[in-house]
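Residue-level structural notes
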Amino acid sequence: MATRFVHCLIFYAFCQIITGFIWTPEKGQLKHEERIQRVPKERVTARKIEQFFIQNGRRHRRNIDPPEYDVVLVVDASNSIRPHDFHRGIKALQTLIDKADPNTHYAGIVYSNKATVAFDFTDLRTAKHYLRTRVRFIGEKTNTQDAFLKCRTKLFQNKNSNLRPRAKKRVLLLTDGSSNMHIHLTLYRAFQLKILGVEIFAIGVGNYMPGIQELVGIASSTDKHLYRVRSVLSLLDIVRLIPPWRYMHQHQLPWLTDRYNQEYDDINT
Ligand SMILES: [Mg+2]
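Residues numbered from 1 in each chain as written. Predicted model: local features only at pLDDT ≥ 70, side-chain atom pairs only at ≥ 80, totals over all residues.

1. Regarding the sheet that holds strand S1 (residues 69-76)
What the six strands build is an open sheet, ordered S3-S2-S1-S4-S5-S6; its pairing is mixed. Only two strands of the sheet have a single partner each, and these edge strands are strand S3 (115-122) and strand S6 (226-229). Ignoring strand direction, the axes of neighbouring strands in this sheet form an average angle of 15°. Pairing geometry for strand S4 (residues 168-175) and strand S5 (residues 199-205), over six bridges, is parallel. By the bridge assignment, Leu174 is partnered in S5 with Ile203. (Pairing = 2+ DSSP bridges. Helix = DSSP H or I, 4+ residues; strand = E, 2+ residues; numbered from the N terminus. Axes fitted to C-alpha atoms, helices over the stretch in contact; angles between N-to-C directions.)

In structure tokens, the structure reads:
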């Protein structure tokens, strides 16, 4: 009897140790949800966009045949966004196009209840013009899966969309949160794009985003492809912080390197 009691005690202690070892979070480590919800400082996000969306994470190898990119700009025009914030978002995208590699081509999709292709792949000047003239606010529900579907069928898999055969394929999604039409299809449609070799970047607007988990699933990664901004005004400030393309490779210049560095380290903390 006594030995059985001792055995039970040892087994209980063993379980305590094992489960404690597995379940106790490490000190100082934020929970996943909290870490994703936290909006980084503007300089940090500007640096991240510059490094991963514009320079593609390899600034030291620019002489080895630089790849060209064909980017689809997917813009959320649902009723959760105020019209003047929508237009600020468009302005931010135009500024971002100005800062990026001039050899990049862009197409545009705007979506709410359903998605429409605003323009096929074209050079940056025409894309900026079309963003101003063809992308209109809609103000209905949020049908993100339809945007991804049109993106795949009407742009990336369509021979008449002016997609350059050697270009790398990308999507830049600008949204304020989760979809509310055919929700079960959203991640599946994003996955269908990813298996075509499309990289999906997402800009999530809002201080606290209830639908952040969906955006985490949509973006190709959380450290390189997901950008959080407090508001569209903040996004405008962020894209203005990014240095112009022609100066971007002159990183030996101290006034450019010192511009963000002191706060860059807390991206991965
Ligand atoms: Mg919405």
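2. A few points about the pairing of S4
Taking burial as the measure, the eight residues of S4 include seven buried ones, the bulk of the element. Pairing between S1 and S4: seven bridges, direction parallel. By the bridge assignment, Val72 is partnered in S4 with Val171. On the question of chirality, the crossover connecting S4 to the parallel S5 by way of helix H7 (residues 183-194) is right-handed. (Buried ≥ 20, exposed ≤ 12 C-beta atoms within 10 Å, placed from the backbone. Right-handed = clockwise from strand over helix to strand, strands pointing away.)

3. Some points on the confidence of the model for the protein chain
Taken over all residues, the pLDDT of the protein chain has a mean of 84, while the share at 70 or more is 83%. Note that pLDDT drops below 50 for residues 265-269; the model gives that stretch four contacts with residues more than four away or on any other chain. (pLDDT = per-residue confidence, 0-100. Contact = placed C-beta atoms within 7 Å.)

4. Structural notes on unusual backbone geometry
Residue Asn162 is not a glycine yet carries a positive backbone phi of 65°. Among the secondary structure elements, Asn162 is positioned in the loop between helix H6 (144-156) and S4. What makes Asn162 partly exposed here is the crowd of 15 C-beta atoms within 10 Å.

5. Observations regarding the packing of H6 against H7
It is the contact of H6 with H7, at a shortest axis distance of 8 Å, that shows an interaxial angle of 20°. By the angle between their axes, H6 is roughly parallel relative to H7. For H6 against H7, the interelement crossing comes out left-handed. Counted together, Thr144, Gln145, Phe148, Leu149, Cys151 and Arg152 of H6 and Leu185, Thr186, Arg189, Ala190, Gln192 and Leu193 of H7 form the full contact between these two elements. (Parallel < 35°, antiparallel > 145°, perpendicular 65-115°, else oblique. Left-handed = near helix turned anticlockwise from the far one by under 90°.)

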